[in-house]
Amino acid sequence: MIKPNFRILRPLLTVVALIAAATLSGCSGGGPQKAAQNYTDNLKFFNYPYCYQALSHQDQIDRTLDQFLENIPLAPDVSRDWFKGVLGAVDFQIGDAKLEGDSKAVVAVKVTRPDLALWERTIDATIDPDQGPDQTAQKQLTEKTFQKITYDDNIVTVKEGSDWKIFYDFGEKDEIEKKHKEAIEAYHKHDYDKAIAAYQAAIAECDKEEATGNQGIKFRLQKELDEVNAVKAQIPDGAAYVPKLALTDVDMKMAASRVPGIFGKITNNGDKAIDEVVVTVTYSEGKGKKKAQVFSEEHSIIVTPIEFINFSRLVLPFVPGESRSFGFKLTAPPDIQNKASPDLEVSGVVFTQSTAPLPKPPPAPTAVPSPGAPAAGASAGGAPPPPPPPPPPPPPPPPPAH
């Protein structure tokens, strides 16, 4: 998780943290609910030194203040550019506390925040093509008109002396994030069984012990897992849809890096929006009955993230009627490329699972008439094109010879 850049302010933050440490005991009285409320209030006010000092002793051993700033508990997992704006849009409603013995309590918290992936897709699908999404996103954060999601989470507190501290368990969160990254990577490689197993392992990690934020993380992981399961269930439908994707202008030539590649255009002639398209390059030797496959390689020519990517690029599914150009480097060994003939075909389709509105396909390019051709759009019953200009007069005869 990438958080705000405080390199310049860190010496000051360290001093403030020491002051906060000296005064925290007087501010954290009132029991587990008060400790949870104080933490979320100070998080919303960007008082990070206070939040760090509110953590349990074990959490402070596991993370220095600098490391804490890279992974702040209950903060949104977004880039520095969006961190304060998105955090300001998060709402925490502290609920009841459940005591577990004399030194531990679990405080319920209802979280409402931007539904980041849905919000990003919605903005990208509806903005003016000549505008970037940043201005629209900032305006929606200010006006609170973004797509929202609400879920139940927990803040786990432990009693240390007379104070209740927030227990987060950074080590466990590292394991959960590691498995989540494995799941995302497997998904984009279309290894859905591996992705599902990684998601299930990450969710199981959330249930190993009670720690702050685990229930919220589990909710978000389950949401992504449901999408992956839906994609896997639609594999037969994707295979049946392949004939509706037309490959044209396919050519094999050198890429800019002087490596052989394949380039072309793909058109969605069907009625479904698509998040990913996979093509297979098959190399064969021989002809007719002696033709034999010797190598194959797969490439994703359309990739639409299911996760929030901080508006770093437009997240747009491949919609019906749309055409896109593609190109990729070939990875077959040089001897295969020299001896065998490549064939390209669409081999996999992932349908869009998001509920975001679909973008309109870009308009087809207007044909430019060649010189002397009729004007575009002229049809039977319309005004005829103007007649060509008359030819120039012939040159005058030469003067008589003397």
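Structure: above.
The following refers to the structure shown. (Residues numbered from 1 in each chain as written. Predicted model: local features only at pLDDT ≥ 70, side-chain atom pairs only at ≥ 80, totals over all residues. Heavy atoms only, no water.)

This part takes up the sheet that holds strand β5 (residues 245–254). One open sheet holds the three strands; their spatial order is β5-β6-β9, and the pairing between them is antiparallel. The sheet is open, and its two borders are formed by β5 and β9 (323–329), each paired with just one other strand. Between one strand axis and the next, the sheet turns by 20° as a mean value, whatever way the strands run. (Pairing = 2+ DSSP bridges. Helix = DSSP H or I, 4+ residues; strand = E, 2+ residues; numbered from the N terminus. Axes fitted to C-alpha atoms, helices over the stretch in contact; angles between N-to-C directions.)

Before going further, it helps to examine the nonpolar core. As a rule of thumb, soluble globular proteins bury nonpolar side chains together. Counting 40 residues, the largest nonpolar core has Tyr39, Leu43, Tyr48, Phe68, Ile72, Trp82 and Trp119 as the members making the most contacts within it. Of all elements in the fold, only α2 (32–44), α3 (48–53), α5 (65–68), α6 (80–88), β2 (104–114), α7 (116–126), α8 (133–143) and β3 (148–160) reach the threshold of two or more residues within this core. Non-local contacts of Phe68, meaning those with residues more than four positions away in its chain, are made with Tyr39, Tyr48, Cys51, Tyr52, Leu55, Arg63, Pro73 and Phe170. Counting residues in hydrophobic clusters, the runner-up holds 22 residues, among them Ile274, Ile301, Ile302 and Phe318. (Core = buried A, V, L, I, M, F, W, Y, C linked by side-chain atoms within 4.5 Å. Buried < 20%, exposed > 50% of the residue type's maximum accessible area, 1.4 Å probe, protein only. Contact = heavy atoms within 4.5 Å.)

The subject of this paragraph is the environment of Gly171. One can find Gly171 in helix α9 (residues 170–188). Considering only alpha carbons, one finds Gly171 and Asp59, 112 residues apart in sequence, at a separation of 9.0 Å.

On to helix α11 (residues 214–233), then. Helix length check: α11 (20 residues) gives 28 Å between terminal C-alpha atoms against 28 Å at 1.5 Å per residue, within 8%. Those residues of α11 that fall on the buried side of the exposure criterion are Asn214, Gly216, Ile217, Leu221, Glu224, Leu225, Val228 and Val231. As for α11, its buried residues are in contact with β3, α9, α10 (192–206), α12 (235–241) and β10 (341–351). (Expected span 1.5 Å × (residues − 1).)

Between α7 and α8, the least distance of the axes is 10 Å, while the angle of their chain directions is 125°. Classified by the interaxial angle, the pair formed by α7 and α8 is oblique. Both α7 and α8 take part in a crossing whose hand is right-handed. Between α7, through Trp119, Ile123 and Asp124, and α8, the contact on the second element is made entirely by Pro133, Thr136, Ala137, Gln140 and Leu141. (Parallel < 35°, antiparallel > 145°, perpendicular 65-115°, else oblique. Left-handed = near helix turned anticlockwise from the far one by under 90°.)

The two faces of the sheet receive side chains in turn, since in a regular strand these alternate between them. Relative to β2, strand β1 (residues 91–99) runs antiparallel, the two sharing seven bridges. Its bridge partner being in β2, Lys98 is matched across the sheet by Val106. Between β1 and β2, which follow one another and run antiparallel, lie four residues, and Gly101 among them has a positive phi close to 80°.

Moving on to the sheet that holds β10. Sheet architecture is open: three strands sit in the order β8-β7-β10, paired in antiparallel fashion. A strand with exactly one partner marks an edge of an open sheet, and here the two such strands are β8 (292–303) and β10. Neighbour to neighbour, the strand axes of the sheet diverge by 20° on average, direction disregarded. One ladder, built from ten bridges, connects strand β7 (residues 274–285) with β10; its direction is antiparallel. Bridged to Ser284 within β10 is Ser341.

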